[in-house]
Amino acid sequence: MIKDENSEIWVTLDLIDNVKRLGLSYHFDKEIREALHRFLSLERCNATNIHTSLHETALSFRLLREYGDDVSAGIHVQAIDIIHIEYMLLLFFSSSH
């Protein structure tokens with residue numbers, strides 16, 4: 001499924017994240033790199049932001065950085081809606097008390 005170019009990119013990124021958390025990413029290193037480069041080229045070619053949530057933005061940023069892609073935090077920060085940030089901070093602080 002990582003190699004499937006027809007699958008939705010967020011499903012692929014979630015799968016990559018799950019494989020990494022299970023400690024099996026070294027078995028699929030080539031496929032993961034290809035999927036991340038496909039995502040990065042899709043993101044750079046797309047005139048509009050393809051991120052739809054804070055989770056997707058954070059996941060893509062983290063995975064790209066972990067695999068050595070030089071991505072700017074500024075591009076990803078622009079994709080995050082300020083309301084989502086405030087809401088997530090509110091949830092974080094309320095759950096810590």
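Residues numbered from 1 in each chain as written. Predicted model: local features only at pLDDT ≥ 70, side-chain atom pairs only at ≥ 80, totals over all residues. Heavy atoms only, no water.

**Re the overall build of the protein chain**
Reasoning step 1: The helix and strand tally for the protein chain stands at five helices and zero strands.
Reasoning step 2: In the protein chain, the succession of α and β elements from N to C terminus is α-α-α-α-α.
Reasoning step 3: A buried classification covers 31% of the 97 residues belonging to the protein chain.
Reasoning step 4: Residue pairs at least 24 apart in sequence account for 59% of intrachain contacts in the protein chain once pairs closer than 6 positions are excluded.
Reasoning step 5: Accessible surface, the protein chain as shown: approximately 6600 Å² in total, 58% of it carbon and sulfur. (Helix = DSSP H or I, 4+ residues; strand = E, 2+ residues; numbered from the N terminus. Buried < 20%, exposed > 50% of the residue type's maximum accessible area, 1.4 Å probe, protein only. Contact = heavy atoms within 4.5 Å. Areas by Shrake-Rupley, 256 points an atom, 1.4 Å probe, with all protein chains shown as cover.)

**As for the environment of D69**
Reasoning step 1: Position of D69 relative to the elements: it lies in the loop between α3 (54-66) and α4 (73-79).
Reasoning step 2: Considered as a pair, D69 and L36 are 33 residues apart in the sequence and their alpha carbons are 8.9 Å apart.
Reasoning step 3: Ignoring any residue separated from it by four or fewer positions in sequence, one finds D69 in contact with L36, H37, L40 and L64.

**Examining helix α1 (residues 9-21)**
Reasoning step 1: In this model α1 runs 18 Å from its N-terminal to its C-terminal C-alpha over 13 residues, within 8% of the 18 Å that 1.5 Å per residue would give.
Reasoning step 2: Burial in α1 covers these residues: I9, W10, T12, L13, I16, D17 and V19.
Reasoning step 3: Of the residues one or two after α1, G23 is the one with positive phi, at around 80°. (Expected span 1.5 Å × (residues − 1).)

**Thoughts on the packing of aromatic side chains**
Reasoning step 1: Applying the stated criterion across every chain yields a total of one aromatic pair.
Reasoning step 2: Here the aromatic rings of W10 and F39 are separated by 5.5 Å at their centres, their planes lie at 65°, and the arrangement is edge-to-face. Remark: F39 occurs in helix α2 (residues 29-45) and W10 occurs in helix α1; sequence separation between them is 29 residues. Across this residue pair, the class does not change: W10 and F39 are buried. (Phe/Tyr/Trp six-rings, centres within 6.5 Å; stacked < 30°, edge-to-face > 60°.)

**Points about α3**
Reasoning step 1: Taking 1.5 Å as the rise per residue, α3 with 13 residues should run 18 Å; its terminal C-alpha atoms sit 18 Å apart, in good agreement.
Reasoning step 2: Regarding α3, the residues found buried are E56, T57, L59, S60, L63 and L64.

**Describing the packing of α1 against α3**
Reasoning step 1: For the pair α1 and α3, interaxial distance at closest approach is 10 Å and the crossing angle is 55°. Taken together, α1 and α3 sit at an angle that is classed as oblique. Considering how the two elements wind past one another, α1 and α3 form a crossing that is left-handed. Contact with α1, carried on its side by W10, L13, D14, I16, D17, K20 and R21, involves H55, E56, L59, S60, R62, L63 and E66 of α3 and no other residues of that element.
Reasoning step 2: Residues of the contact of α1 with α3, tallied by class, amount to five nonpolar, two polar and seven charged. (Axes fitted to C-alpha atoms, helices over the stretch in contact; angles between N-to-C directions. Parallel < 35°, antiparallel > 145°, perpendicular 65-115°, else oblique. Left-handed = near helix turned anticlockwise from the far one by under 90°. Nonpolar A, V, L, I, M, F, W, Y, C, P; charged D, E, K, R; others polar.)

Interpretation in functional terms is not warranted from these geometric data alone.
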